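Given next are the chains, with one letter for each unit.
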Amino acid sequence: MEALIPVINKLQDVFNTVGADVIQLPQIAVVGTQSSGKSSVLESLVGRDLLPRGTGVVTRRPLILQLVHVDPGDARKNDDGGNEGEEWGKFLHTKSQIYTDFEEIRQEIENETERISGNNKGISDDPIHLKIFSPNVVNLTLVDLPGITKVPVGDQPQDIEVQIKDLILKHISNPNCIILAVTAANTDMATSEALKVAREVDPDGRRTLAVVTKLDLMDAGTDAMDVLMGRVIPVKLGLIGVVNRSQLDINNKKSVTDAIRDEHAFLQKKYPSLANRNGTKYLARTLNRLLMHHIRDCLPDLKTRINVLAAQYQSLLSSYGEPVEDQSATLLQLITKFATEYCNTIEGTAKYIETAELCGGARICYIFHETFGRTLECVDPLGGLSTIDILTAIRNATGPRPSLFVPEVSFELLVKKQVKRLEEPSLRCVELVHEEMQRIIQHCSNYSTQELQRFPKLHEAIVEVVTSLLRKRLPITNEMVHNLVAIELAYINTKHPDFADACGVMNNNIEEQRRNRMRELPAAVPRDKAPAAGPQGEQDGTGNWRGMLKKGEEAPGSGPGSPLRGVVNLLDVPAPVARKLSSREQRDCEVIERLIKSYFLIVRKNIQDSVPKAVMHFLVNHVKDSLQSELVGQLYKSGLLNDLLTESEDMAQRRKEAADMLQALQKASQVIAEIRETHLW
């Protein structure tokens, strides 16, 4: 068990060199209000005067105090500097310098405090590390923290209370930290700021030990019996009372040894039944026992934590890469790796597969078959065409002669108008695929080729080359898709097998429907228009042949004996008005509608099949095949090597920090590995 505390001291030394607080090492933190006797307790544990003393805030930086017990005969053996004395100290910031005069240690603490915190009573969270070697101490690691204060004095900032509290919480929030809550006996325990702060982070009190100081300064007629028995404030780890030197004793140079002897006499006289469970010596033994047991409990988790962090920093260091030696080989390797990962992302064989959303080739497939396919399926074959529009096209195609049959020209004009509507979603499909291929560049940069983050200029150059290649292929692909629609518009193939079959079925259906309609209804209402229902028989804006036909008239040629109800003004331009269609007009419109729908579905099927193929050939596959040659041709030039392979400014610093941390973690792992299982129990 005694071997555990030196192990933790070694670990602290290891991590202090890299300034790391990622590992929460077991320690004891001293918390208390200003002038409650915290520094006096520490001096009593050391047995020497070594801490700055005075009124007001004296401790302005955390002091990590490591007490190392050495046997009197082994003092010189443990001393690296050839020390002649039995007690000595070392500071981390002064490297291997040995201090045998404890006055010098105190002066060095004051100087180091002022160097960082200034001389205006300000505080700092940068700790001072002091190691004391002595045969008169037990193995302990303590952290002396600034005292809790409420009102700023002198040149202290207005938020000094918040600063000190944040500093204290930073240390005692560590779950591996034992809290030594120091409270003066001449104040009410219920108002103890130290216990209040400790309870914030340790509500169960499992790692809080209370120390009651100034037992000799209590009011006459009162004692601390109830407090020391735990009847006032129960604390799991117990309460220990101590008597420190007064300011007069310090001024008179009273030694700590004499103070401990007088403390023992006071306790025997005032609290004889509790004397053996109070006092500085009992406090030192208790802290030593608590810290050893605490380290024993924390050690397995600490070992796991160190191993996990070592693996993480090893991975981080690998991602930073080694310093570049052969620039040409490095550049070619990075270009090749990016091109390979870009193609693999499209093919779906990339090392890093996105799980949050579709990416790369899967996204392109989704665009082809879901986005583009559904958009085409939502296009109405007769969208934008009314019955009147079809009838007007039929009449315009016949010229001045009444037609005996439905003219084919009207069908071609109308079906081309509908097929033209397929061009816009087709071009939108090209645009979506282009956007996804742009997005793949960022995906490869973030996930696949982390080495590119080392060289921001190379990354920018690669993005520019790929973007330029995509931009170059976009108009070519758009032109091909435009040509696909133009090809369909160039020749209306009415001999298409699917179209011929549809026409045969349609003619049979029309004939059958016409016979049924003649039996059931005298006249039919247009498919998409309600019959005109105005008292004047006219509606403004839509309809058929205003001024030539009246409401209720049939179309010319449908009934030669139809009486006219008004005079026809032959100078009026024929304009549509709402009216009922004759049976022949209705039949002609239905024929054209069915033909348009049948042929449109054939063309839509062709477009739905050919546009993705064109996009794959002219855009996706072309970029895949020519990406590496394009990158090499644009970037693999001797004049660009130095510029492209310039690392970001902080990369070298981050690599050094990661290497130092990894070395510290590996050394810490070795230190822990030296512990035998027998030492743990």
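Predicted model only: the values in this text are computed from it and were never measured.

Trainee: Give me the overall build of the protein: which residues, what numbers.
Mentor: In terms of helices and strands, the protein carries 20 helices and eight strands. For the protein, the proportion of its 681 residues judged to be buried stands at 46%. Across the protein, every contact between residues at least 6 apart in sequence was considered, and the portion connecting residues at least 24 apart equals 81%. Split by element, the accessible area of the protein, about 35,400 Å² in all, is 51% carbon and sulfur.

Trainee: Can you tell me about the confidence of the model for the protein, naming the residues and giving the values?
Mentor: In this model, the protein carries an average pLDDT of 77, and 78% of its residues clear a pLDDT of 70 or more. Of all secondary-structure elements in the protein, the lowest mean pLDDT belongs to helix H3 (residues 75-78), at 46, while helix H16 (residues 456-490) reaches the highest, 91. Every residue in residues 76-83 is under pLDDT 50, and counting partners more than four places away or in other chains gives eleven contacts.

Trainee: I'd like a description of the packing of aromatic side chains, backed by residues and values.
Mentor: Taken as a whole and judged by the stated rule, the model has four aromatic pairs. Arranged with centres 5.0 Å apart and planes meeting at 10°, the rings of tryptophan 88 and phenylalanine 133 form a pair that is stacked. One end of the pair, tryptophan 88, is in strand E3 (residues 88-91); the other, phenylalanine 133, is in strand E4 (residues 128-134), and 45 residues separate them in sequence. Tryptophan 88 sits in the buried class, given a relative accessible area of 0%. Given a relative accessible area of 10%, phenylalanine 133 falls into the buried group.

Trainee: Describe the environment of glycine 348, listing the residues and the values that go with them.
Mentor: Within the secondary structure layout, glycine 348 lies in the loop between helix H11 (327-347) and helix H12 (361-377). Considered as a pair, glycine 348 and glycine 360 are twelve residues apart in the sequence and their alpha carbons are 7.2 Å apart.

Trainee: Summarise the pairing of strand E7 (residues 208-213); cite the residues concerned and give the values.
Mentor: With six of six residues buried, E7 is to be regarded as a mostly interior element. Side chains of E7 alternate between two faces, with Thr208, Ala210 and Val212 and Leu209, Val211 and Thr213 buried alike. In this sheet, strand E8 (residues 239-241) lies alongside E7 in parallel orientation, the contact comprising three bridges. The partner of alanine 210 across the bridge, within E8, is leucine 239.

Trainee: Give a description of the pattern of salt bridges that names residues and reports values.
Mentor: Applying the stated criterion across every chain, the model contains 18 salt bridges. In this structure, glutamate 103 engages arginine 106 in a salt bridge whose closest nitrogen and oxygen atoms are separated by 3.7 Å. A residue pair is termed a helical-turn pair when its members lie 3 or 4 positions apart in one helix, as glutamate 103 and arginine 106 do in helix H4 (residues 102-117) at three residues. Overall, the relative accessible area of 40% leaves glutamate 103 in the partly exposed class. Between glutamate 347 and lysine 624 there is a salt bridge; the shortest N-O distance is 2.1 Å. Placement of glutamate 347 in helix H11 and of lysine 624 in helix H18 (residues 583-635) is noted, with a sequence separation of 277 residues between them. Taking the relative accessible area as the measure of exposure, glutamate 347 reaches 48% and is therefore partly exposed. We classify lysine 624 as buried; its relative accessible area is 17%. A network of salt bridges, in which partner residues are shared, links Arg61, Glu112, Arg115 and Asp126.

Trainee: Help me get a handle on the pairing of strand E6 (residues 177-184), residues and values and all.
Mentor: Taking burial as the measure, the eight residues of E6 include eight buried ones, the bulk of the element. Both faces of E6 are covered, namely the face carrying Cys177, Ile179, Ala181 and Thr183 and the face carrying Ile178, Leu180, Val182 and Ala184. Where strand E1 (residues 27-32) meets E6, six bridges bridge the pair, whose relative direction is parallel. Along E6, the bridge assignment pairs isoleucine 28 with isoleucine 178. Taken together, the six bridges between E6 and E7 define a ladder with parallel strand orientation. Within E7, the residue paired with alanine 184 across the bridge is threonine 213. Chirality of the crossover, the property in question, places the unit of E6, helix H6 (residues 193-201) and E7 among those that are right-handed.

Trainee: A description of the sheet that holds strand E2 (residues 63-69) should follow, citing residues and the corresponding values.
Mentor: The eight strands are arranged E3-E4-E2-E5-E1-E6-E7-E8 in an open sheet whose pairing can be described as mixed. In this open sheet, the two edge strands, each paired with only one partner strand, are E3 and E8. Pairs of neighbouring strands in the sheet enclose a mean axial angle of 25°, with direction left out of account. Where E1 lies against strand E5 (residues 140-144), three bridges are found, and the strand directions are parallel. When the sheet's bridge partners are listed, valine 30 is paired in E5 with aspartate 144.

Trainee: Before we move on, can you summarise the nonpolar core with the specific residues and values?
Mentor: Tyr342, Met437, Leu458 and Leu631 are the most contacted members of the largest nonpolar core, which has 71 residues in total. Within the residue set of this core, elements represented by two or more residues are H11, H12, helix H13 (387-398), helix H14 (408-419), helix H15 (423-448), H16, H18 and helix H19 (641-644). If near-sequence neighbours (up to four positions away) are discounted, tyrosine 342 is found in contact with Met437, Ile440, Ile441, Cys444, Val466, Leu470, Val623 and Leu627.

What counts, and where the lines are drawn
Residue indices begin from 1 for each chain and proceed along its sequence in written order. Where totals are concerned, whole chains, interfaces and linings use all residues; where local detail is concerned, this predicted model gives features only for residues with pLDDT of at least 70, and gives and counts side-chain atom pairs only at 80 or more. Just so you know, side-chain values use all the structure's heavy atoms and leave hydrogens and water out. Comment: elements are numbered from the N terminus, with helices defined as DSSP H or I runs of at least four residues and strands as E runs of at least two. Three exposure classes are used, based on accessible area relative to the maximum for each residue type with a 1.4 Å probe and protein chains only: buried under 20%, partly exposed in between, and exposed over 50%. What makes two residues a contact is simply this: any of their non-hydrogen atoms within 4.5 Å. Per-residue and other accessible areas follow the Shrake-Rupley method at a 1.4 Å probe size, with only the shown protein chains counted as cover for residues. pLDDT: the predictor's confidence for each residue, scored from 0 to 100. Centres within 6.5 Å make a pair out of two Phe, Tyr or Trp rings, where for Trp the six-membered ring is used; the pair is then stacked when the planes are under 30 degrees apart, edge-to-face when over 60, and tilted otherwise. Two strands pair if DSSP finds at least two bridges between them. Whenever Lys or Arg places a side-chain nitrogen within 4 Å of a carboxyl oxygen from Asp or Glu, that contact is recorded as a salt bridge. If you view a crossover with the strands going away from you and the path from the first strand over the helix to the second runs clockwise, you call it right-handed. Each axis is a line fitted through C-alpha atoms, taken for helices only over the stretch in contact, and angles between the N-to-C directions span 0 to 180 degrees. Each nonpolar core is a collection of buried residues, namely Ala, Val, Leu, Ile, Met, Phe, Trp, Tyr and Cys, held together in the definition by side-chain atoms within 4.5 Å.

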